[in-house]
Amino acid sequence: MDSVRYDGERRGHRVPIALKILIAGGFGAGKTTLVSALSEVRPLQTEEILTGAGIDTDDISGVETKSTTTVAMDFGRITINDDLQLYLFGTPGQDRFWFLWDELAFGALGAVVLADTRRLADCFPSIDYFEQRGIPFVVGVNCFDDSRRFSLEAVRKALDLDPDVPMVLCDARDRQSGKTVLISLVEHVARQRGEPVPTA
Amino acid sequence: MRTDLPGPRHEWLDDDAGPVVRPYTLTGGRVHPSSDGFDLVAYVTAKPDPDLAAYPELHPEHRLLVELAGRGTPVVELAADLDLAVGVVRVLLGDLLSRGLVAVHQPPRATYLPDNDILKAVVDGLRAL
């Protein structure tokens, strides 16, 4: 049958594996900037639909009377090789869109939480979210030009981070810097699985 | 404009939310696909040389999806390409799946994370970029 689901069988050509990585952090922390810096294509955008009332309905009449709106999702792509692609999803910045996080986080490899030292508290909800769900994450401390440089240890203390959560200073506008953050995330995921990736 | 909407302001509607739309018109009001499992990064592949003329009930958007899916495109890219909300695209893909016009290739699950070889390939690939 042609409608079979993926079971490792590949007909004629290979279908790549796509891995999801979330880019989280408070409003203005540089999420979209980081996705743009890393994506091989200009960041793409799609929308997910929000409905005011419960979304568990297949009833047409229900849909007609509901106020419906959408929330934008920014994402970018990095092709590792023919078989492997990374998809970077910027998370919606507002708490009321948490339900969308669940969809984004489902099956995700891990997350980058961008911290802005001028508004450190803004990234607390993201850290809580990933901690509670056991999703591996690293904290990227985005170095804005006009922000005071803090020591990573001071930021770690302020965020009350577990000692094994990696922290990386980064510049969200810079591709190389963003790559370093992603590498630290993937290495962290591997370490958590007890199979550290050898450092090259 | 949203601010000119009649009636009481809805809590979801403001400048941070998108425009008010009737996104499910295209799906005849259906908000759930006929089958689950269209993950955002699930790859959709079209059946080779599909006979779309045999399905007059399909919308132009269905046909575009078959065309775009081609040799394999993730759900989220199809939605971006078609400029339709992901929820709508999932319903349309369900229609195509039930007609055997597309196949869906699920990504690995979190509980079944990629093996170390894959993680190593990701790190090596990122270093090489």
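Residues numbered from 1 in each chain as written. Chains lettered and ligands numbered in written order. Predicted model: local features only at pLDDT ≥ 70, side-chain atom pairs only at ≥ 80, totals over all residues.

Colleague: I'd like a description of the overall build of chain A, backed by residues and values.
Modeller: A tally of regular secondary structure across chain A gives six helices and seven strands. Reading chain A from its N terminus to its C terminus gives the helix and strand order β-α-β-α-β-β-α-β-α-β-α-β-α. Evaluated residue by residue, chain A yields a buried proportion of 42% over its 200 residues. Of the contacts made within chain A by residues no fewer than 6 positions apart, 72% connect residues no fewer than 24 positions apart. (Helix = DSSP H or I, 4+ residues; strand = E, 2+ residues; numbered from the N terminus. Buried ≥ 20, exposed ≤ 12 C-beta atoms within 10 Å, placed from the backbone. Contact = placed C-beta atoms within 7 Å.)

Colleague: Just give me the short version of the overall build of chain B, but keep the residues and values in it.
Modeller: Per the secondary structure count, chain B includes four helices and three strands. Counting from the amino terminus, chain B carries its helices and strands in the arrangement β-α-β-α-α-β-α. Evaluated residue by residue, chain B yields a buried proportion of 42% over its 129 residues. In chain B, of all internal contacts separated by at least 6 residues, the share reaching a separation of at least 24 is 68%.

Colleague: Give me the environment of alanine 111 of chain A: which residues, what numbers.
Modeller: Residue and element names in this part refer to chain A. Along the chain, alanine 111 falls in strand β5 (residues 110-116). By the C-beta count within 10 Å, which is 27 here, alanine 111 ends up buried. Discounting residues that sit within four places of it in the chain, alanine 111 has contacts with Ile21, Leu22, Ala24, Phe130, Ile135 and Phe137.

Colleague: Lay out helix α1 (residues 31-38) of chain A in plain terms, naming residues and giving numbers.
Modeller: Across the eight residues that make up α1 of chain A, a large majority, six, are buried. Buried within α1 of chain A we find Lys31, Thr33, Leu34, Val35, Ala37 and Leu38 of chain A.

Colleague: Before we move on, could you go through the confidence of the model for chain A and cite the residues and values that matter?
Modeller: Residue and element names in this part refer to chain A. With 77% of its residues at a pLDDT of 70 or more, chain A has an overall mean of 81. Low pLDDT, under 50, characterises residues 1-12; the stretch is placed with 16 contacts to residues that sit more than four places away or in other chains. The model gives residues 52-66 a pLDDT under 50, and that stretch makes 16 contacts with residues more than four places away or in other chains. (pLDDT = per-residue confidence, 0-100.)

Colleague: Just give me the short version of the confidence of the model for chain B, but keep the residues and values in it.
Modeller: Chain-level pLDDT for chain B is 82 on average; 77% of the residues reach the 70-or-more range. Among the scores for the predicted complex, ipTM is 0.80 and pTM is 0.81.

Colleague: Talk me through the packing of helix α1 (residues 60-69) of chain B against helix α3 (residues 86-98) of chain B; I want residue IDs and the actual numbers.
Modeller: All names here are of chain B. It is at 10 Å that the axes of α1 and α3 come closest, and there the two elements cross at 75 degrees. When the axes of α1 and α3 are compared, the pair comes out roughly perpendicular. Of the residues in α3, those in contact with Glu61, His62, Leu65 and Val66 of α1 are Leu92, Leu93, Asp95 and Leu96. Partitioning the contact of α1 with α3 into residue classes produces five nonpolar, one polar and two charged. (Axes fitted to C-alpha atoms, helices over the stretch in contact; angles between N-to-C directions. Parallel < 35°, antiparallel > 145°, perpendicular 65-115°, else oblique. Nonpolar A, V, L, I, M, F, W, Y, C, P; charged D, E, K, R; others polar.)

Colleague: Which residues make up α3 of chain B, and what values go with them?
Modeller: Residues and elements named next belong to chain B. With 13 residues, α3 ought to run about 18 Å at 1.5 Å a step, and its terminal C-alpha atoms sit 18 Å apart, in line with that. Counting buried positions along α3 yields twelve of 13 residues, so the element is predominantly enclosed. After α3 finishes, the residue glycine 100 shows a positive phi value of roughly 70 degrees. (Expected span 1.5 Å × (residues − 1).)

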